[in-house]
Amino acid sequence: MSDNYNTFAEKYDELFDQTLYKQWADYVSQNTQIGSTLDLGGGSGRLAIELAKLGYKMDVLDLSPEMLMLAQKNSAQANQSIQLLQADMREWSDWKTQYELIISSVDALNYLPTRDDMVKTLQQVFEHLVVGGTFMFDVITPYQVNVLYDNYFYNNDDDPENIFMWTSYPGEIANSVDHDLKFFVYNEKIDGFKLLREVHHEQTYELDTYMQLLTTVGFKDIEVTSAFGQQPIDLETDRWFFKMKK
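So, how was this worked out
Residues numbered from 1 in each chain as written. Predicted model: local features only at pLDDT ≥ 70, side-chain atom pairs only at ≥ 80, totals over all residues. Heavy atoms only, no water. Helix = DSSP H or I, 4+ residues; strand = E, 2+ residues; numbered from the N terminus. Contact = heavy atoms within 4.5 Å. Pairing = 2+ DSSP bridges. Right-handed = clockwise from strand over helix to strand, strands pointing away. Axes fitted to C-alpha atoms, helices over the stretch in contact; angles between N-to-C directions. Parallel < 35°, antiparallel > 145°, perpendicular 65-115°, else oblique. Left-handed = near helix turned anticlockwise from the far one by under 90°. Nonpolar A, V, L, I, M, F, W, Y, C, P; charged D, E, K, R; others polar. Salt bridge = Lys/Arg side-chain N within 4 Å of Asp/Glu carboxyl O. Buried < 20%, exposed > 50% of the residue type's maximum accessible area, 1.4 Å probe, protein only.

## Re the environment of Tyr-149
Phase 1 of the analysis: Within the element layout of this structure, Tyr-149 appears in the loop between helix H6 (142-148) and strand E6 (153-156).
Phase 2 of the analysis: Between the alpha carbons of Tyr-149 and Gln-83 there is a distance of 35 Å; along the sequence they are 66 residues apart.
Phase 3 of the analysis: Those residues in contact with Tyr-149 that lie beyond four places of it in its chain are Ile-140, Gln-144, Trp-166, Ser-168, Val-177, His-179 and Glu-202.

Here it is as structure tokens:
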């Protein structure tokens, strides 16, 4: 394993707004019954841990071994049992388990680079749900990408342990954005800071496109809201929350 990627995963996890996971857990618990659940693109396991505390039987699927190692560490510290699965969300048909609930939160689906990748992922979700099962996810909207992320930047140098720079640029494809993330990590050997950098690409689509893809795959009773299901959507909604049935 690369120490750089491991460190980056830890820093990314530390700086992420942890309140979002609690809000997502509330959103799930208010709209579903406790049962077998898969967190798709579940990363460091933070949301799975919150739901496990509520009684949900949690599995986490993620492509990154570094993130899954963090999930293992985080769940052990929280004294919660979650099962971890390393796989690509576009193809995990060899995993035969079906779930009563599948969730995907905080932009996980926006990291799929193409529309075809989105279709493949939605088909996998559909196949891994029991009949009558629920799928819930969120995505950033074109308004978020094209307006709120336009020339966006954020610098954090208040904490010498977590010096962080985030700059966003319009992507080459419509309704996409590239995030340039830089962490400066102190290295005792050189008595200086080492730069860790990643560029994250996010892609979203118009609402009609999401509805068409979901309907074509076979989902029904599709609901779209904002603010974790608490408000209706409008032209300035920055994040759509989807809930539907198989």
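## Quick word on the pairing of strand E3 (residues 83-86)
Phase 1 of the analysis: Here 4 bridges tie strand E2 (residues 57-62) to E3, and the two strands are oriented parallel to one another. Its bridge partner lying in E3, Leu-61 is registered against Leu-85.
Phase 2 of the analysis: Considered for its hand, the β-α-β crossover made up of E2, helix H4 (residues 65-77) and E3 is right-handed.

## Regarding the packing of helix H2 (residues 19-31) against helix H3 (residues 46-53)
Helices that pack against each other are described as a pair by the angle of their axes relative to one another and the distance between those axes.
Phase 1 of the analysis: Where H2 meets H3, the axes come as close as 9 Å, and the angle between the chain directions of the two elements is 45 degrees. When the axes of H2 and H3 are compared, the pair comes out oblique. The crossing of H2 and H3 is right-handed. Contact residues: Tyr-21, Lys-22, Trp-24, Ala-25 and Val-28 in H2; Arg-46, Leu-47, Glu-50 and Leu-51 in H3.
Phase 2 of the analysis: Residues belonging to the contact of H2 with H3 are distributed by class as follows: 6 nonpolar, no polar and 3 charged.

## Points about the pattern of salt bridges
Phase 1 of the analysis: For the structure shown, the criterion picks out 10 salt bridges.
Phase 2 of the analysis: Between Lys-182 and Asp-180 there is a salt bridge; the shortest N-O distance is 3.0 Å. Here Lys-182 and Asp-180 have matching classes, each one buried.
Phase 3 of the analysis: Ionic contacts of the salt-bridge type, sharing partners, join the residues Lys-22, Glu-50 and Lys-53 into one network.

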